[in-house]
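Examination of the molecular architecture
These are the residues of each chain, in order.
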Amino acid sequence: MTKFLIAALLAISPVAAQTSEAQPKPLLTDREQVQADRAKAAVEERNAPTARPWDRDASGKRPWEKLTAPK
């Protein structure tokens, strides 16, 4: 009988050692959401010359970007 209990314990222990299900990702705060949106917009802006070549001139600038003074 003890051999059966030991075998059952060895068979069940790996199942009991498994971690619980993954925790859901916490919701972003308003500030984190704004930062993520700005980062996404910056990435899209960097990729824009290849993504939308029709709205840029030969230098890769948009018409309204030429009007601003360099910083």
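Residues numbered from 1 in each chain as written. Predicted model: local features only at pLDDT ≥ 70, side-chain atom pairs only at ≥ 80, totals over all residues. Heavy atoms only, no water.

Remarks on the overall build of the protein
Along its length, the protein carries three helices and zero strands. Counting helices and strands in the order they occur from the N terminus, the protein gives α-α-α. Looking at the protein as a whole, 6% of its 71 residues are labelled buried. As displayed, the protein offers around 7000 Å² of accessible surface, 63% of which is attributable to carbon and sulfur atoms. (Helix = DSSP H or I, 4+ residues; strand = E, 2+ residues; numbered from the N terminus. Buried < 20%, exposed > 50% of the residue type's maximum accessible area, 1.4 Å probe, protein only. Areas by Shrake-Rupley, 256 points an atom, 1.4 Å probe, with all protein chains shown as cover.)

Details of the confidence of the model for the protein
Looking at the protein, the pLDDT average stands at 77 and 75% of residues meet or exceed 70. The element-level mean pLDDT for the protein is lowest in helix α3 (residues 63-66), coming to 73, with helix α2 (residues 30-51) highest at 86. (pLDDT = per-residue confidence, 0-100.)

A word on a nonpolar patch on the surface
A surface patch of nonpolar side chains, about 410 Å² in accessible area, is lined by Met1, Phe4 and Leu5. Accessibility expressed as a relative area gives 57% for phenylalanine 4, which makes it exposed. (Patch = residues over 30% accessible without salt bridge, like charges linked within 9 Å, V, L, I, M, F, W, Y side chains within 5 Å. Salt bridge = Lys/Arg side-chain N within 4 Å of Asp/Glu carboxyl O.)

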